[in-house]
Amino acid sequence: MSVCGAARCRGAVRRILQQNRAVCSHTSGSTPEGIREKLQAFPGGSVELQKQRDSGVALLTVNNPARMNAFSGSMMLELEQRVRELETWTEGKAVIVQGAAGTFCSGSDLNAVRAIANPHDGMKMCEFMQNTLTRLLRLPLISVALVEGRALGGGAELTTACDFRLMTSDGVIQFVHKHMGLVPGWGGAARLVRIVGSQNALKLLSGAKKVDPDTGKQMGLVDEVLHCSSGEGNALSHAERWLGQFIQGPAPVIQAVKRVVVSGRELPLDEALQTERSVFGTVWGGPANLEALALKPKHK
């Protein structure tokens, strides 16, 4: 492919990704400053991001142990900012989403929920988190939810916004929304149906059933059960080893793979094929492609 042709393909990919972000913002609604101010009024905890440049793996940690890592209002805003940073991390290959202190996440901090319980603010908070988690799922990075301890409510929804879910031997995922008189609002129900099918999703949501590692793996919600318990301190190293099989190779190639999978999952076939051609053009004739061709023996 000529230099000009490759440049045109890269430009096409940038336009497609911009369109995807625009569609996401449009479908999720606008986020007026009013809801940001209300969320910021409920501080506590943090969402931390560490980028490991040698491995290309980022660690996204939900850190609010005093409330089982529930999202305060300020943490919701921090999560959006961390996802924004990952969207532009050109050297990255993957992100592991984890909770601090041996538990994953228990959803929303009830103090913030009670304060914005009116329908208008509740809908705006819902739109904000839907948009953020959709962007997390669409990252050009392979994403893994490392579930130690319990992932409840919005925490269970957060797991569905990752490509893979790993659980420690004593982990639990539970969509407890029904007990709160609610349904998932952060996009968790729609994503759950795509992961486990409508029948299993209906059972998990209507029964608010606890999903242990074996049940989760059987129905396809859990990709791997780690041979360790929550809080032992070695779950992350287990997860990194498991992830390693999927991120061998240069970052541009790993990101290209993720992009064509996202387009195949979300776009109509014709648009997905167009995106695949455009992404192909960004790696064809690139350093990794040329190196691989040089190493392969010629056909006899």
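Rules of the game
The numbering scheme is per chain: residues are counted from 1 as the chain's sequence reads. Owing to the predicted nature of the model, reporting of local features is limited to residues with pLDDT of at least 70; listing and counting of side-chain atom pairs is limited to 80 or more, with chain, interface and lining totals taken over all residues. The side-chain quantities take in all heavy atoms of the structure and omit both hydrogens and water. UniProt positions are given in the numbering used here, feature names are shortened, and annotations may be inferred rather than shown by experiment. When DSSP finds two or more bridges between a pair of strands, those strands are recorded as paired. Each helix is a run of H or I in the DSSP string that is no shorter than four residues. Each strand is a run of E no shorter than two, and both are numbered from the N terminus. Interaxial angle, 0 to 180 degrees, is taken between N-to-C directions of lines fitted to C-alpha atoms, where a helix line uses only the stretch in contact. Three exposure classes are used, based on accessible area relative to the maximum for each residue type with a 1.4 Å probe and protein chains only: buried under 20%, partly exposed in between, and exposed over 50%. An arc is given here, and it is the one of the directions from the helix axis to the C-beta atoms. Whether two residues touch is decided by their heavy atoms; if any such pair falls within 4.5 Å, the residues are in contact. Salt bridges are identified by distance alone: a Lys or Arg side-chain nitrogen within 4 Å of an Asp or Glu carboxyl oxygen. If the strands point away from the viewer and the path from the first strand over the helix to the second runs clockwise, then the crossover is right-handed.

- Labelled according to an unreviewed UniProt entry, the protein chain appears under the name Ethylmalonyl-CoA decarboxylase, originating from Cyprinus carpio.
- Taken directly from UniProt, the Subcellular location (unreviewed entry) text for the protein chain runs: "Cytoplasm, Cytosol".
- Recorded in UniProt for the protein chain, the comment headed Function (unreviewed entry) runs: "Decarboxylates ethylmalonyl-CoA, a potentially toxic metabolite, to form butyryl-CoA, suggesting it might be involved in metabolite proofreading. Acts preferentially on (S)-ethylmalonyl-CoA but also has some activity on the (R)-isomer. Also has methylmalonyl-CoA decarboxylase activity at lower level."

Let's talk about the sheet that holds strand S2 (residues 57-63)
Here is step 1 of the chain: Strand order across the open sheet formed by 6 strands is S1-S2-S3-S4-S6-S9, with mixed pairing between neighbours. Every other strand in the sheet has two partners, leaving strand S1 (46-52) and strand S9 (224-226) as the edge strands with one partner each. Pairwise comparison of adjacent strand axes, ignoring direction, gives a mean angle of 20° for this sheet.
Here is step 2 of the chain: The pairing of S2 with strand S3 (residues 94-99) spans 6 bridges and is parallel. Across the sheet, valine 57 pairs through a bridge with alanine 94, a residue of S3.

Some remarks on helix H7 (residues 188-196)
Here is step 1 of the chain: Of all the residues in H7, the buried ones are Gly188, Arg191, Leu192 and Val196. For H7, the angular spread of buried residues about the axis comes to 110°, placing them on one side. Facing away from the buried surface of H7 by more than 90 degrees, the exposed residues are Ala190 and Arg194.
Here is step 2 of the chain: Its buried side turned inward, H7 meets helix H5 (119-137), helix H6 (154-160), helix H8 (198-207) and helix H9 (213-219).

Some thoughts on the sheet that holds strand S7 (residues 172-174)
Here is step 1 of the chain: What the 3 strands build is an open sheet, ordered S5-S7-S8; its pairing is mixed. Looking at the sheet topology across the chains shown, the edges are occupied by strand S5 (150-152) and strand S8 (210-211).

Section: the pattern of salt bridges
Here is step 1 of the chain: Under the defined criterion, the tally for this structure stands at 13 salt bridges.
Here is step 2 of the chain: We note a salt bridge from glutamate 85 to arginine 82, for which the minimum N-O separation is 3.0 Å. Highlighted residues: glutamate 85 and arginine 82, both in helix H3 (residues 73-87), separated by 3 residues, approximately one helical turn.
Here is step 3 of the chain: Residue glutamate 85 is classed as partly exposed on the basis of its relative accessible area, which comes to 26%.
Here is step 4 of the chain: Through salt bridges that share partners, Arg36, Glu80, Arg84, Glu87 and Arg135 make up one connected network.

Here we look at the pairing of S3
Here is step 1 of the chain: When you tally the buried positions in S3, you get 6 out of 6 residues, the bulk of the element.
Here is step 2 of the chain: Residues Ala94, Ile96 and Gln98 line one face of S3 and the alternating positions Val95, Val97 and Gly99 line the opposite face, and both faces are buried.
Here is step 3 of the chain: In this region the chain leaves S2, passes through H3 and returns to the parallel neighbour S3; the handedness of that crossover is right-handed.
Here is step 4 of the chain: As paired elements, S3 and strand S4 (residues 142-147) share 4 bridges and run parallel to each other. For isoleucine 96, the partnering residue across the bridge sits in S4 and is valine 144.

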